[in-house]
Amino acid sequence: MAKKTASRSAAKTAVKKKWTGLGAGTKSSARKTIKSKGRVPAAKKSAPKTATKTATKAASKARPKQRVAISHHREEDFKADGLRTYAKYRDLGIAAASHGLAQAHVIRLQGPCNPDEVSKLHFHDVDFQMVYVLKGWVKTYMEGEGETLMQQGSAWTQPPRIRHMILDYSDDVELLEVILPAEFKTVELKA
């Protein structure tokens, strides 16, 4: 045990030295290189320094600083409190950590699949949506793509407002879904 602790300590020290050494040296030499070669974009040359600083400050104040989100698997975290009544969701803490910029959760679709409940054409008013199959399989329909069988390891994006629906899924299916922004509207369409 003492050997492991010593090697961890040595590793931490090495990493600290590496990053501390890189930080100051790299920044200053990079600045010198840019200045000496005169590679300043025309937009930066003509923009007053105060206007650039003001724009940077405004952009950083637009959204609160994000924080680290760590989520470990716990069965009790799967809740039936999401968009779909036939699913359980495990929130990964991304919405809170990003102040609504994005959301991510693991979805377990509850089997057996009931097409009358599940297969409803709809779209989400989102900026970005990505789904990754962690376990099992799911058959989807997406406008312009048709029917697609997604199996463990499959991933797909759904462009904003694309019409889609789930057609069928395995009893053990688990999906990772990432959506921007965290809050969005879902519109169910008439078949």
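Residues numbered from 1 in each chain as written. Predicted model: local features only at pLDDT ≥ 70, side-chain atom pairs only at ≥ 80, totals over all residues. Heavy atoms only, no water.

**Let's talk about the environment of E177**
Phase 1 of the analysis: Of note, E177 is situated in strand 9 (residues 174-180).
Phase 2 of the analysis: C-alpha separation for the pair E177 and V106, spaced 71 residues apart in sequence, amounts to 6.4 Å.
Phase 3 of the analysis: Of note is the side chain of E177, whose polar atom sits 2.7 Å from the side chain of H105.
Phase 4 of the analysis: A distance of 2.7 Å separates a polar atom in the side chain of E177 from a polar atom in the side chain of Q129. (Helix = DSSP H or I, 4+ residues; strand = E, 2+ residues; numbered from the N terminus. Polar contact = N/O pair within 3.5 Å; in protein donor to acceptor, adjacent residues only side chain to side chain.)

**Comments concerning empty space enclosed by the protein**
Phase 1 of the analysis: This model, assessed by the stated rule, comprises 1 cavity of 30 Å³ or more.
Phase 2 of the analysis: As for the largest cavity, its lining consists of 16 residues, of which R84, V131, W156, Q158 and I166 are closest to the centre.
Phase 3 of the analysis: Tallied by class, the residues present in the lining of the largest cavity amount to 9 nonpolar, 5 polar and 2 charged. (1 Å grid on protein atoms, 1.4 Å probe; cavity = no way out; pocket = protein on both sides within 12 Å on 5 of 7 lines; lining within 4 Å. Points joined across faces, edges and corners; volume = space filled by probe spheres on them. Nonpolar A, V, L, I, M, F, W, Y, C, P; charged D, E, K, R; others polar.)

**Observations concerning the pattern of salt bridges**
Phase 1 of the analysis: One pass over the structure, following the stated rule, counts 9 salt bridges.
Phase 2 of the analysis: For E177, the salt bridge is made with R84, and the minimal N-O distance between the two is 3.9 Å. Here R84 lies in the loop between helix 3 (49-61) and strand 1 (87-91) and E177 lies in strand 9, a separation of 93 residues in the sequence. The residues E177 and R84 share a single accessibility class, namely buried.
Phase 3 of the analysis: Of the charged contacts, one joins E147 and K139 as a salt bridge, the two residues approaching to 3.9 Å between their closest N and O atoms.
Phase 4 of the analysis: The exposure class assigned to E147 is exposed, which follows from its relative accessible area of 57%.
Phase 5 of the analysis: Each member of the salt-bridge network shares a partner with another, and the members are E75, R108, K135 and E174. (Salt bridge = Lys/Arg side-chain N within 4 Å of Asp/Glu carboxyl O. Buried < 20%, exposed > 50% of the residue type's maximum accessible area, 1.4 Å probe, protein only.)

**Some words on the pairing of strand 4 (residues 128-135)**
Phase 1 of the analysis: By the bridge criterion, 7 bridges tie strand 4 to strand 9 in an arrangement that is antiparallel. Considered in strand 9, the bridge of F128 is made with L180.
Phase 2 of the analysis: Note: strand 4 against strand 7 (residues 155-157), 3 bridges, orientation antiparallel. When the bridges of strand 7 are listed, M130 appears paired with T157. (Pairing = 2+ DSSP bridges.)

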